[in-house]
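# A look at the structure
Letter by letter, the chains look like this.
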Amino acid sequence: MEPVDILKKRDLLSYTDMIDQIERGIGRVFYCGMDGIVTIIDDYYACIAPFDSDVRPFVELLPKSVELVTVHRENLRGMMREYGYRMSNPCSTYVYVKDEDVPVREQDIRVLDASYAEVMDSHYHLFSDIDYIKERLESGVVRGIFVDGELAGFMAEHSEGAMGMLEIFPEYQRRGLAYDLEGAYINEHRKHHRMYCNVVNGNDASERLQQKLGLVKAGICSDWYSLY
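Each value, and the rule that gives it
Counting restarts for each chain, with residues numbered from 1 along the sequence as it is written. Per-residue local features are limited, in this predicted model, to residues with pLDDT of at least 70; the limit for side-chain atom pairs, both in listing and counting, is 80 or more; totals at the level of whole chains, interfaces and linings are taken over all residues. The basis for every side-chain value is the complete set of non-hydrogen atoms in the structure, without hydrogens or water. Residues belong to one nonpolar core when they are buried, are Ala, Val, Leu, Ile, Met, Phe, Trp, Tyr or Cys, and are joined through side-chain atoms within 4.5 Å. Note on classification: 1.4 Å probe, protein chains only; a residue is buried when its accessible area is under 20% of the maximum for its type, exposed when over 50%, partly exposed between these limits. Between two residues, a contact is recorded if the distance between any of their heavy atoms is within 4.5 Å. Under the DSSP-based scheme used, a helix requires at least four consecutive residues in state H or I and a strand at least two consecutive residues in state E, with every element numbered from the N terminus. In the analysis that follows, any N or O atom pair within 3.5 Å is treated as a polar contact, provided that within protein one partner can donate a hydrogen and the other can accept it, and provided that, for residues neighboring in sequence, both atoms belong to side chains. Criterion used throughout: strands pair if DSSP finds at least two bridges between them. Helix axes are fitted only over the stretch in contact, all axes being lines through C-alpha atoms; the angle between N-to-C directions runs from 0 to 180 degrees. Note on aromatic contacts: the rings of Phe and Tyr and the six-membered ring of Trp form a pair at centre separations within 6.5 Å, being stacked when their planes are under 30 degrees apart, edge-to-face when over 60 apart, and tilted otherwise.

## What about the nonpolar core?
- Formed by 36 residues in total, the largest nonpolar core has its most connected members in Leu-112, Met-120, Met-163 and Leu-215.
- When near neighbours in sequence (up to four residues on either side) are disregarded, Leu-112 contacts Met-120, Leu-137, Val-142, Arg-143, Gly-144, Phe-146, Leu-151 and Phe-154.
- Ile-40, Ile-48, Val-55 and Met-79 belong to the second largest nonpolar core, which has 17 residues in total.

## Observations concerning the side chain of Thr-93
- Residue position: Thr-93 is located in strand E6 (residues 91-96).
- A distance of 3.1 Å separates polar atoms of two side chains, one belonging to Thr-93 and the other to Asn-198.
- Here the side chain of Thr-93 touches Ser-222 through a polar contact of 3.1 Å, side chain to side chain.
- When residues no more than four places from it in sequence are discounted, the contact partners of Thr-93 are Leu-13, Tyr-196, Cys-197, Asn-198, Val-216, Lys-217, Ala-218 and Ser-222.

## Quick word on the environment of Gly-25
- Position of Gly-25 among the secondary structure elements: in the loop between helix H2 (16-24) and strand E1 (28-33).
- For the pair Gly-25 and Ile-41, spaced 16 residues apart in sequence, the C-alpha to C-alpha distance is 9.4 Å.

## Examining the sheet that holds strand E4 (residues 68-71)
- What the six strands build is an open sheet, ordered E1-E2-E3-E4-E13-E5; its pairing is mixed. Looking at the sheet topology across the chains shown, the edges are occupied by E1 and strand E5 (85-89). Each neighbouring strand pair of the sheet contributes to a mean axis angle of 20°, computed without reference to strand direction.
- Examined bridge by bridge, E1 and strand E2 (residues 36-41) share five bridges and lie antiparallel to one another. The residue of E2 that forms the bridge with Arg-28 is Ile-40.

## Some remarks on the packing of aromatic side chains
- For the structure shown, the criterion picks out seven aromatic pairs.
- Arranged with centres 5.2 Å apart and planes meeting at 25°, the rings of Tyr-45 and Trp-224 form a pair that is stacked. Of this pair, Tyr-45 sits in strand E3 (residues 45-50) while Trp-224 is found in strand E13 (residues 223-227), placing the two residues 179 residues apart along the sequence. There is no split in this pair, since Tyr-45 and Trp-224 are both buried.
- Each ring, one from Phe-127 and one from Tyr-132, has its centre 5.8 Å from the other, and the planes form 65°; the classification is edge-to-face.
- Judged by relative accessible area, which is 30%, Phe-127 ranks as partly exposed.

What follows is the structure, encoded as structure tokens:
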């Protein structure tokens, strides 16, 4: 069987990220066997689907250049620490499975360019990496929502293919703008590739938003690890 077929048969929702990477050519299949599959993007980021209990053989296969890893199995902090990786974010994957648009209000949503790099870097809460933000802007995947001509928030597609970087500025919150922005993003791209996002465990507001938008939570985790 082809890697995508194996992943779909195992758990379509939980392995949506890897399926999307392979289908779009974002990531390459580094290892494929009945015990698991590994994809790698730019020799920097790896995604591991271990079908058996032991993830060590897959980690040991990774090139030394891999600094960021997603593992579709929980409670591996101690084992990953043995290989120099620390838990970055324990996450759950949410996937848009409907074959219809999200009902959203008409809003002023625009493609953002590199001139917005600094304002995005100052507002994005998960990490600070202006070079990465500039790369996303230059890739044309960042969308901003405007109110009365002023930027009120933004979101983008991450380099591995997931939706993310969703931020609504404090003065514009509680207006339903996050729903409209992500909904419009899904509507714009859903016919071209799989729409999914990773939500950090405990982020109840984001979980409620994904559920309201119609995304379905996958059964297997998508925990993120980075090198110390």
